[in-house]
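Close look at the chain arrangement
One letter stands for each residue in the lines below.
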Amino acid sequence: MKYLNEVNLKEKTVFIRADFNVPLDQNRNITDDTRIRAVLPTIEYCLDEHAKVILASHLGRPEKGGGDDDMSLLPVARRLSRLLHKEVKFAPDCIGPEVQKMIKEEKPGEVILLENLRLHPGEEKNDPEFARQLMENIDVYVNDAFAVAHRAHASVEAVTHIAPVCVAGFLMRDEILYFHKSMEDPARPLVALIGGAKVSSKLIALTNLLKHVNKMIIGGAMANTFLKAKGYDVGKSLVDDKLIDTAKALMATALETGVKFYLPVDCVVAERFDGRAETKITPVQEVPEGWVIADIGPATVTLFTEALQNAKTIVWNGPMGAFEMDAFSRGTMAMVHNVANSFALTIVGGGDTDVAIHKAGDAKKFSYISTGGGAFLELLEGKKLPGIRALEEWHQQHQEA
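Summary of the structure given here. What you see is a predicted model, and the numbers here were worked out from it, not measured in a lab. (Residues numbered from 1 in each chain as written. Predicted model: local features only at pLDDT ≥ 70, side-chain atom pairs only at ≥ 80, totals over all residues. Heavy atoms only, no water.)

1. As for the packing of aromatic side chains
- For the structure shown, the criterion picks out 6 aromatic pairs.
- For the ring pair Phe179 and Phe376, a centre distance of 6.1 Å and an interplane angle of 85° mean the geometry is edge-to-face. Of the two residues, Phe179 sits in helix α6 (residues 170–184) while Phe376 sits in helix α13 (residues 373–380), which places them 197 residues apart along the sequence. Accessibility classification places Phe179 together with Phe376 in one group, the buried group.
- Sitting over the face of the ring of Tyr178, Lys181 holds its NZ or CZ atom 5.0 Å from the ring centroid.
- When the ring centre of Trp291 is taken as origin, the NZ or CZ atom of Lys280, which lies over that ring, is 4.8 Å away. (Phe/Tyr/Trp six-rings, centres within 6.5 Å; stacked < 30°, edge-to-face > 60°. Helix = DSSP H or I, 4+ residues; strand = E, 2+ residues; numbered from the N terminus. Buried < 20%, exposed > 50% of the residue type's maximum accessible area, 1.4 Å probe, protein only. Lys NZ or Arg CZ within 6 Å of the ring centre and 35° of its normal.)

2. Looking at the packing of helix α11 (residues 330–340) against helix α12 (residues 351–360)
- Contact pair α11 / α12: the axes reach a minimum separation of 10 Å and the direction vectors enclose 80°. With respect to their mutual orientation, α11 and α12 come out roughly perpendicular. Residues Thr332, Met333, Val336 and His337 of α11 touch α12, and the partners they reach there are Ala356, Ile357, Lys359 and Ala360.
- When grouped by side-chain class, the residues that make up the contact of α11 with α12 number 5 nonpolar, 2 polar and 1 charged. (Axes fitted to C-alpha atoms, helices over the stretch in contact; angles between N-to-C directions. Parallel < 35°, antiparallel > 145°, perpendicular 65-115°, else oblique. Contact = heavy atoms within 4.5 Å. Nonpolar A, V, L, I, M, F, W, Y, C, P; charged D, E, K, R; others polar.)

3. Here we look at α6
- For α6, with 15 residues, the first-to-last C-alpha span of 20 Å sits near the 21 Å given by 1.5 Å per residue.
- Residues Phe170, Leu171, Met172, Glu175, Tyr178, Phe179, Ser182 and Met183 constitute the buried set of α6. (Expected span 1.5 Å × (residues − 1).)

4. Here's the deal with the sheet that holds strand β5 (residues 140–143)
- On the basis of which strands lie adjacent, the open sheet formed by 6 strands has the order β3-β4-β2-β1-β5-β6 and parallel pairing. Across the chains shown, the open sheet's two edge strands, defined by having one partner strand only, are β3 (88–90) and β6 (165–168). Direction aside, the axes of adjacent strands within the sheet are offset by 25° on average.
- Where strand β1 (residues 13–17) meets strand β2 (residues 52–56), 5 bridges bridge the pair, whose relative direction is parallel. (Pairing = 2+ DSSP bridges.)

5. Focus: empty space enclosed by the protein
- Counting across every chain of the model gives 1 cavity of 30 Å³ or more.
- When its volume is computed, the largest cavity comes out at roughly 70 Å³.
- As for the largest cavity, its lining consists of 14 residues, and the residues nearest its centre are Gly220, Asn224, Pro264, Ile293 and Asp295.
- Looking at the lining of the largest cavity element by element, the count peaks at 4 residues for strand β12 (residues 292–296).
- By residue class, the composition of the lining of the largest cavity is 10 nonpolar, 2 polar and 2 charged. (1 Å grid on protein atoms, 1.4 Å probe; cavity = no way out; pocket = protein on both sides within 12 Å on 5 of 7 lines; lining within 4 Å. Points joined across faces, edges and corners; volume = space filled by probe spheres on them.)

6. Some remarks on the pairing of strand β8 (residues 215–218)
- Side chains of β8 alternate between two faces, with Lys215 and Ile217 and Met216 and Ile218 buried alike.
- Looking at chain direction, strand β7 (residues 190–194) and β8 are connected through 4 bridges and run parallel. Bridge pairing in β8 links Ile194 to Ile218.
- Once you follow β7 into helix α7 (residues 203–209) and on to β8, the crossover reads as right-handed.
- Sheet topology places β8 next to strand β9 (residues 260–262); 3 bridges connect them, and they run parallel. For Met216, the partnering residue across the bridge sits in β9 and is Phe261. (Right-handed = clockwise from strand over helix to strand, strands pointing away.)

7. Side note on the packing of helix α10 (residues 298–308) against α11
- Contact geometry of α10 with α11 gives a least axis separation of 10 Å together with a crossing angle of 20°. Relative to α11, the element α10 lies roughly parallel. Pair α10 / α11 crosses with right-handed handedness. Across from Val301, Phe304, Thr305 and Leu308 in α10, the residues of α11 making contact are Gly331, Ala334, Met335, Asn338 and Val339.
- Across the contact of α10 with α11, the residue classes break down as 6 nonpolar, 3 polar and no charged. (Left-handed = near helix turned anticlockwise from the far one by under 90°.)

Printed below as a string of C-alpha cells:
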C-alpha cells in the first residue's frame, strides 16, 4: 500500500479516518486521550505539507441515526484544539450541504472535525452512497484508524472505491510494521502471553499462534478452561465448558510441535467474585469447592517471568486476572512490570491489557502498544483486515493502471 509521505498533499483536501473513540466520564470529559495523541503525527504532517485537513471518526455505538448529544465528538474537537495549538472547527454533521460549504471554504493549514460517523446507518452498512457523500471534494483519503480496520464500514472500506488517492497514515504504518516484527519475521524465542476471560473469543488466535511461537503462556480466566481440561477442579470459576476438548487438543498440538505451554500453578481464589470477599492463595490443585479463581498467584508470576527470561519477542493480549478490582490486580501488575523490564521487543494488543499497563505506569517501557484490541486479535488469527485489504487493492489497481 501507499503511505502518507509518498503522495503530494500541498493545498489538497485530505480526509483522515481516525479513531477518536475515547472514554468519557458522566460529564462528557475525556478520561484518556491516548487514541487522539496517536494520530497527531499524521495530522501534523498534513498541516506541515500545507494541506486542508478533514478529520472523521465514530464514537460509541449509536443504535439509530440522527443527532445524539451523548455521542457527539465535540469534546474531541476541544481536546484536538489544545493538542494542536490551533482552532479545530467542528462540523454539525459528517455529510450534507452545510458540511460541504465548510470544506469548500477551508484554507490550507486549517482543520475540521466531522460529527460522529455512526450517527448515520450508512456507516456501519458500508453504504456506497454514504461513502460517496463523505468523499465529495476530497483529494486524498488517509486511513489512520487501525482500531476499526477489522470493520468493513463505509469510511474504512467503501470510500476506497471512490477516493482519487488512498493511503495509510503513520499510525496504521506502525501497527502493521510492529505486527510484522512480532509474527512474520520475529527475533526468537517468540513468546505469546495470552489472558482475558474466554477461550472462545481467542480460540482462532490461539490456534494460529501455535504455528508461530516458541512458548505459549496462558493466564486470566481463560486458563480455567485449560486447568479443567487437565482434570483440576476449578470451583465456580468462569469456564468455557463447551471448549474443554478444544483446550485438550490445543495442549496436545503444543506438545507435538514442541511449543512450550505454560499454565498457572497457583491462584488467588475468592469466596465470591467481589473485591471485598475473603481471598487466599492456593495451588491450582486445591481450589476450594464453590470458590472462584480471580488472579494468578505469586508462584505463577515467578514461573511466567522465568519463561520470559530468554525471550527476544513478546506478544501480549489479555490481563492475568480481574485487575479492575484491587484484590485481584497483583498478578497482572506484576507481569506488566516484568514484561516492561525485559530485554525483548514487547508488543501489546490493546484493549484491557493497554488499560492495565497505563494503570501500572509502565506504558513508556513497552516497545509498542496497539491502539486496536479487536483488530490486533484478528491479525493474530491470521485474518486480512478489510481496512488494510482495501488500501492494498487500491494501490494494486492504480499501480497496474
